[in-house]
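Per-entry structural report
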Amino acid sequence: MKKPGRVLGIVVVLALAAFLLWSTLASQKAQCNVCVEFKGQRNCASASAASPKEAARSAQETACGVLAKGMDESISCQNVQPLSSKCTSG
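Quick look at the structure, then. (Residues numbered from 1 in each chain as written. Predicted model: local features only at pLDDT ≥ 70, side-chain atom pairs only at ≥ 80, totals over all residues. Heavy atoms only, no water.)

Moving on, we come to the state of the cysteines. Tallied over the full model, the rule gives three disulfides. Cys32 shares a disulfide with Cys87; S-S distance 1.9 Å. Because the torsion about its S-S bond is 110°, the bridge between Cys32 and Cys87 counts as right-handed. One end of the pair, Cys32, is in strand S1 (residues 30-38); the other, Cys87, is in strand S3 (residues 84-89), and 55 residues separate them in sequence. On the accessibility criterion, Cys87 (35% relative accessible area) is partly exposed. Each bonded cysteine of the protein gets a number by its place in the sequence, and the pairs then read 1-6, 2-3, 4-5. (Disulfide = S-S within 2.5 Å. Helix = DSSP H or I, 4+ residues; strand = E, 2+ residues; numbered from the N terminus. Buried < 20%, exposed > 50% of the residue type's maximum accessible area, 1.4 Å probe, protein only.)

Glancing now at the sheet that holds S1. If you trace the three strands from one edge of the open sheet to the other, you get S2-S1-S3, paired in antiparallel fashion. Here the strands that pair on one side only, and so sit at the sheet edges, are strand S2 (41-49) and S3. Adjacent strand axes in the sheet meet at a mean angle of 10° when their direction is disregarded. Where S1 lies against S2, nine bridges are found, and the strand directions are antiparallel. Bridge assignment links Glu37 to a residue of S2, and that residue is Arg42. Most of the contacts of helix H2 (residues 52-67) go to S2, to which it runs at about 145°, and overall it touches S1, S2 and S3. (Pairing = 2+ DSSP bridges. Axes fitted to C-alpha atoms, helices over the stretch in contact; angles between N-to-C directions. Contact = heavy atoms within 4.5 Å.)

Below, the structure written as structure tokens:
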């Protein structure tokens, strides 16, 4: 038989994990898919965030991560006008 304190501890940990998962997913209200061309290469990425603007920025940063080499190129790529950007709010 298990000790009552151990069972209570497991229940508390599971409740905390469920709350953290719910609060994280609840804040992701917008999702964007962004395609970028940089130095002759193209890449697309998706991201979600609290607002469409944040989600688009994050998706472009992710897409540029594959295309850019080094911090200077990364910053330049993030400032390029995307080829396409499609966002949905939920």
